[in-house]
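# Coordinate inspection notes
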Amino acid sequence: MNQAAERVVPELVELRVPCRPEWVALARLAAATVANRLNITLEEIEDVKLAVAEACTAVIQHSGHGAFIELTCEALSDALRVRVHDSGRHGTPAGDGGPAMSFDEARVAGLGIFLIRTLMDEVSYDVHPQLGTDLLMIKRLAPTP
Amino acid sequence: MDIKVTVRQAHGDCYVVDLSGEIDVYTSPKVKEAIGELIDRGVYHLVINLEKVRYIDSTGLGVLIGGLKRVREHGGSVNLVCTNPQIKKIFDITGLVKIFGMFESEDAAMKALV
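The following refers to the structure shown. For every chain, the first residue of its written sequence is number 1, and the numbers climb from 1 along that sequence. Think of it this way: whatever chain is written first is A, whatever ligand is written first is 1, and the rest follow in order. Under the rules for a predicted model, residues below a pLDDT of 70 receive no local features and side-chain atom pairs below 80 are neither given nor counted, while totals for whole chains, interfaces and linings still include all residues.

## Some thoughts on the overall build of chain B
For chain B, the count of helices and strands is four helices and five strands. Ordered by position from the N terminus, the helices and strands of chain B form the series β-β-α-β-α-β-α-β-α. In this setup the radius of gyration rests on C-alpha atoms only. A globule is expected at 2.2 Å times the number of residues raised to 0.38. For 114 residues, the compact-globule formula gives about 13 Å, and the C-alpha radius of gyration of chain B, at 13 Å, lands near that figure. Along the first, second and third principal axes, the C-alpha atoms of chain B reach 30 × 25 × 20 Å. With C-beta atoms placed from the backbone, a residue counts as buried when 20 or more other C-beta atoms lie within 10 Å of its own, as exposed when 12 or fewer do, and as partly exposed for counts between those limits. When burial is assessed residue by residue, chain B has 41% of its 114 residues classed as buried. Partitioning the intrachain contacts of chain B with sequence separation of at least 6 by distance along the chain shows that 69% fall at a separation of at least 24. By the criteria applied, helices consist of DSSP H or I runs no shorter than four residues and strands consist of E runs no shorter than two, each listed in order from the N terminus. Contact between two residues is assigned whenever their backbone-derived C-beta positions fall within 7 Å.

Written out as structure tokens, the structure is:
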């Protein structure tokens, strides 16, 4: 149910889940729920879900068990801004196929980052030498007529 | 969230893998196992029915690509049945639509198996 007309922006939702595959569904559902608060199409919500899942999958593939995925979704007046924080990796962008991955895993990871870049309007990394890597993604809203 | 995998013999050495649910980093190992078992048994002509798949990500695509790669080594093929526009979109933007045979119905996918 899209209740964009009743929304109050900005809204911010933060989620911290264990860095394991079984938690990715919750992360993408959370992002979809925030996206649904905005004036956004169902297709765009699906884009956001997939981009968030790909970002979380990249974190899982690079970080060991015991780490956490931190997701922040901000519903703004003109965009949805999503941050996926990887505390277990320092200085290596998601999806680049790090040394621990097999060739096939690296190819799939490359597919993941390609999907993120295709489905979201803006994608950038914020690398902290000590704190880890943030993947920032923005989905802009269509202008209201 | 789960994935249901059903394998059935269609005719001769052609098998259909019915998938239902969501294919992601958590569920894709189950799909990989089912497809891998078939190929290990010498089944190289597969139709994978994605009609009831609501969601697929790069790990799911990776499993399908891996299966295709393996059967092609034996002269086999993988055809997909896909009617969900969102799933088709993922195959379109990744270019995989050119690699897999993609069909609107199981009959069409089966007839096109080589």
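Next comes the rest of the description.
## Brief notes about the environment of Ser 63 of chain A
Within the secondary structure layout, Ser 63 of chain A lies in the loop between α2 (42–62) and β2 (68–75). Remark: the alpha-carbon pair of Ser 63 of chain A and Arg 20 of chain A, spanning 43 residues in sequence, is separated by 9.5 Å.

## Notes on the interface of chain A and chain B
Taken together, the contact between chain A and chain B spans 18 residues of the former and 13 residues of the latter. Mapped onto the side of chain A that touches chain B, the elements with two or more residues apiece are α1 (24–35), α2 and α3 (103–119) of chain A.

## A short note on the sheet that holds strand β5 (residues 101–103) of chain B
Residues and elements named next belong to chain B. Here, a strand pair is defined by DSSP locating no fewer than two bridges between the strands. Spatially, β1-β2-β3-β4-β5 is the arrangement adopted by the five strands of the open sheet, whose pairing is mixed. Each end of this open sheet is capped by a strand with a single partner; those strands are β1 (3–11) and β5. This sheet shows a mean twist of 25° between the axes of neighbouring strands, independent of strand direction. By the bridge criterion, eight bridges tie β1 to strand β2 (residues 14–23) in an arrangement that is antiparallel. Pairing of Val 7 across the sheet is with Val 17, part of β2. Set on the sheet, helix α1 (residues 28–40) makes contact with β1, β2 and β3 (45–56); between it and β1 the angle comes to about 20°. Structural elements are reduced to axes, namely lines fitted to C-alpha atoms, with helices fitted over the stretch in contact, and the angle between N-to-C directions of any two is expressed from 0 to 180 degrees.

## As for α1 of chain B
All names here are of chain B. What a helix should span is 1.5 Å times the count of its residues minus one. Here α1 contains 13 residues, and its C-alpha end-to-end distance of 18 Å stays within 8% of the 18 Å for a straight helix at 1.5 Å per residue. Structurally, α1 contributes buried residues whose contacts are with β1, β2, β3 and α2 (58–72). Gly 42 sits one or two residues past α1 and shows a positive phi near 95°.

## A look at the sheet that holds strand β5 (residues 132–140) of chain A
Residue and element names in this part refer to chain A. Strand order in this open sheet of five strands is β1-β2-β3-β5-β4, and the pairing throughout is antiparallel. Sheet topology places β1 (11–18) and β4 (122–128) at the edges, where each strand pairs with a single neighbour. Pairs of neighbouring strands in the sheet enclose a mean axial angle of 15°, with direction left out of account. Two strands pair when backbone bridges link them, and β2 and strand β3 (residues 79–86) are joined in this way by seven bridges, in the antiparallel orientation. When the sheet's bridge partners are listed, Cys 73 is paired in β3 with Val 82. Set on the sheet, α1 makes contact with β1, β2 and β3; between it and β2 the angle comes to about 10°. Its contacts with the sheet put α2 on β2, β3 and β5, and the angle it makes with β3 is roughly 10°.

## Here's the deal with the packing of α1 of chain A against α2 of chain A
Residue and element names in this part refer to chain A. The N-to-C vectors of α1 and α2 enclose an angle of 145°; their axes lie 8 Å apart at closest approach. Between α1 and α2 lies a crossing of right-handed hand. Mapping the contact onto sequence places Val 24, Ala 27, Arg 28, Ala 31, Ala 32 and Ala 35 in α1 and Ile 45, Val 48, Lys 49, Val 52, Ala 53, Cys 56 and Thr 57 in α2. In the scheme used here, Gly and all other residues not listed as nonpolar or charged are polar, with Ala, Val, Leu, Ile, Met, Phe, Trp, Tyr, Cys and Pro taken as nonpolar and Asp, Glu, Lys and Arg as charged. Taken together, the residues of the contact of α1 with α2 sort by class into ten nonpolar, one polar and two charged. Left-handed is the label given to a crossing in which the near helix is rotated counterclockwise from the far helix by less than a right angle, and right-handed is the label when the rotation is clockwise.

## A few points about the environment of Arg 117 of chain A
Residues and elements named next belong to chain A. Position of Arg 117 among the secondary structure elements: in helix α3. By C-beta crowding, Arg 117 is classed as partly exposed, having 15 other C-beta atoms within 10 Å. Along the chain, Arg 117 and Glu 43 lie 74 residues apart, while their C-alpha atoms are 16 Å from each other.

## What to know about the packing of α1 of chain B against α2 of chain B
Residues and elements named next belong to chain B. Packing of α1 against α2 brings their axes to within 9 Å, and their N-to-C directions diverge by 10°. With respect to each other, α1 and α2 are oriented roughly parallel. Within the contact between the two elements, α1 uses Ser 28, Val 31, Lys 32, Ile 35 and Ile 39 and α2 uses Thr 59, Gly 60, Val 63, Gly 66, Gly 67, Arg 70 and Val 71. Reported orientations rely on four angle classes, namely roughly parallel under 35 degrees, roughly antiparallel over 145, roughly perpendicular from 65 to 115, and oblique for the rest.

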